[in-house]
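Examining the three-dimensional arrangement
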Amino acid sequence: MTGDPDRRRRRRPLLGTILALAALALMAVVPGGAGAAAFGIAMAPIVSGLEPLTQVTNANDGTNRLFVVEQRGTIRAVKDGVIQPGFFIDIRDRVEDGGERGLLGIAFHPSFKTNRYVYLYYTRNGGDVVVSRFKTNISRTHAYETTERPLLLIEHSAQGNHNGGALGFSPIDHDLYIGVGDGGGAGDPENDAQKKTNFLGKILRINVNGSGSGRYGHYSIPRSNPFYGSKPGLGEIWAYGLRNPWRLSFDRGTGKLFIADVGQGQWEEVDREKVGIAGGRNYGWHVLEGMHCYTGTRCPLTGDTLPNVEYSHDGGNCAITGGYVYRGPTQAALRGLYVFADWCSGRVWTVPYDGPAVNQPETLRADTALQITSFGESENGELYAVTSDGGLYQALAN
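The present account deals with the structure reproduced in this document.

About the criteria used
Along every chain, residues carry numbers that run from 1 in the direction the sequence is written. Reporting in this predicted model follows two pLDDT cut-offs: at least 70 for local features of residues, and 80 or more for side-chain atom pairs to be given and counted; totals over whole chains, interfaces and linings ignore these cut-offs and use all residues. Hydrogens and waters are ignored; side-chain quantities use all the structure's heavy atoms. Helix and strand labels come from DSSP, where a helix needs a run of H or I of at least four residues and a strand needs a run of E of at least two; each type is numbered from the N terminus. Think of it in three bands: residues with accessible area under 20% of the maximum for their type are buried, residues over 50% are exposed, and the middle band is partly exposed, with areas taken using a 1.4 Å probe on protein chains only. Whether two residues are in contact is decided by their heavy atoms, any of which lying within 4.5 Å being enough. The Shrake-Rupley method, run with a 1.4 Å probe, gives the accessible areas here. Residue values count only the displayed protein chains as cover. The rule is short: rings of Phe, Tyr and Trp, with Trp giving its six-membered ring, pair when the centres are within 6.5 Å, and they are stacked under 30 degrees, edge-to-face over 60, tilted in between. Note on geometry: a ring has a charge over it if NZ (lysine) or CZ (arginine) is within 6 Å of the ring centre and within 35 degrees of the ring normal. By the convention used here, strands pair only if DSSP detects at least 2 bridges between them. Any Lys or Arg side-chain nitrogen located within 4 Å of an Asp or Glu carboxyl oxygen qualifies as a salt bridge.

A short note on the overall build of the protein
A count of helices and strands for the protein gives two helices and 28 strands. Counting all 398 residues of the protein, 60% fall into the buried class. Once local pairs closer than 6 in sequence are excluded, the contacts in the protein between residues at least 24 apart make up 58%. Per element, the accessible surface of the protein, about 14,500 Å² overall, is 51% carbon and sulfur.

What follows is the structure in structure tokens.
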């Protein structure tokens with residue numbers, strides 16, 4: 001272990017049996033803030049005993065399946081709370097697994113039901129980041145490993161951490177957004193997050209339905225990207241100045257983009273973008289950590305965008321796990337709240353989707369012993385979470 005607090009995917013002794021038996025007792029119900037209804041969040045166990053998990057999502061294809069991503073390079077389908085036989089995909093032969101590396105992200109094409117395209121984000125042998133497209137069989141039960149078509153290859157072999165791994169399609173523009181870490185090492189020693197000449201420490205935005213004009217083919221660069229064409233900077237960049245964006249999500253009710261960015265030693269943050277804003281926001285790393293000076297010089301930079309939410313490392317917090325705005329039909333108390341967690345402490349917070357743009361106060365909803373690595377939605381908007389010890393949980397208001 002290094003001194004870097006971003007330890008979310010480092011293997012630890014499994015807690016699966018203990019957590020599964022005690023899951024309902026783990027959730028300390030904490031009342032909301034002033035004027036808020038008093039309720040907490042319980043994480044109800046659905047599946048246990050899988051390999052360490054990095055994501056859960058759905059395919060929006062009418063099958064009501066959940067897909068859980070195992071860090072080692074495999075994906076399993078879960079239907080009605082039951083793990084389906086076999087793997088949805090198995091790319092262990094090309095994934096470097098361990099520490100913060102592995103199969104880190106998945107996104108299904110908005111037209112997956114008809115075109116059968118699925119996109120994966122992983123670290124290949126040697127550590128570089130790969131974003132690739134795969135295609136499934138007709139029944140959409142298995143993605144063929146031989147159909148891989150790389151979209152991006154991002155050099156990332158110097159350090160094993162800060163690999164990013166966030167993927168998501170916007171419900172508004174249908175482009176693919178990609179969250180990439182700053183390249184690793186404490187304090188971003190190469191200042192890569194501020195450089196617009198590489199993909200490190202960035203949110204990228206590409207059109208996967210394009211004609212293949214992208215740097216590595218199989219996508220095009222949207223003309224509305226801030227550095228499109230002759231403007232200084234790589235055309236794929238949508239936002240920069242991020243340390244290690246660990247999960248991004250779009251509010252299915254409003255289209256707002258939420259980015260959870262893991263901090264260095266003191267502060268974790270959530271960044272929020274409204275629909276229709278121009279790209280090119282600078283979120284400040286490594287000059288800023290949250291809303292605080294990190295380097296001590298030139299702070300803040302002109303044009304920096306401060307976070308929507310920040311919280312400190314007090315009480316054992318260390319690494320944010322980004323979440324979703326709940327829009328499901330069953331948990332009325334959660335509706336319209338962005339739910340997120342800390343991987344180290346197990347705490348779960350909420351903030352309103354439409355609260356203040358900067359420094360919105362969060363409300364503690366649960367204090368658990370779970371190492372939550374990711375949140376995800378079912379097709380109808382129910383909220384789920386996965387953990388480092390291979391557990392799948394549903395988030396419930398109580």
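So, the packing of aromatic side chains
What the rule picks out here adds up to 14 aromatic pairs. Between Trp-285 and Tyr-294 the ring centres are 4.8 Å apart and the planes differ by 45 degrees, which places this aromatic pair in the tilted class. Given a relative accessible area of 2%, Trp-285 falls into the buried group. In this arrangement the basic side chain of Arg-133 is found over the ring face of Tyr-117, its NZ or CZ atom lying 4.1 Å from the centre. Just above the ring of Tyr-353 sits the side chain of Arg-327; from NZ or CZ to the centre is 4.4 Å.

Description of the sheet that holds strand β11 (residues 166-169)
Reading across the sheet, the five strands line up as β11-β12-β13-β14-β18 and stay open at both edges, with mixed pairing between neighbours. Edge positions in the sheet fall to β11 and β18 (281-282), since each has one partner strand and no second. Direction of pairing for strand β14 (residues 237-240) relative to β18: parallel, over a ladder of two bridges. Counterpart to Tyr-240 in the pairing with β18 is Asn-282.

Quick notes on the pattern of salt bridges
A pair can form between side chains of opposite charge whenever their charged atoms are brought close. Counted under the stated rule, the structure contains 14 salt bridges. Among the ionic pairs, Arg-140 bridges to Asp-61, the shortest N-O distance being 3.1 Å. Separated by 79 residues along the polypeptide, Arg-140 in the loop between β9 (129-136) and β10 (143-154) and Asp-61 in the loop between β2 (53-58) and β3 (65-70) bring together distant segments of the chain. Both residues of the pair, Arg-140 and Asp-61, count as buried. A salt bridge links Asp-93 to Arg-94, with the shortest nitrogen-to-oxygen separation between them at 3.2 Å. In this structure Asp-93 comes out as exposed when scored by relative accessible area, which is 57%. Among the ionic contacts, a cluster of salt bridges with common partners joins Asp-61, Arg-65 and Arg-140.

Such coordinate-based values are descriptive only and should not be taken to indicate function.
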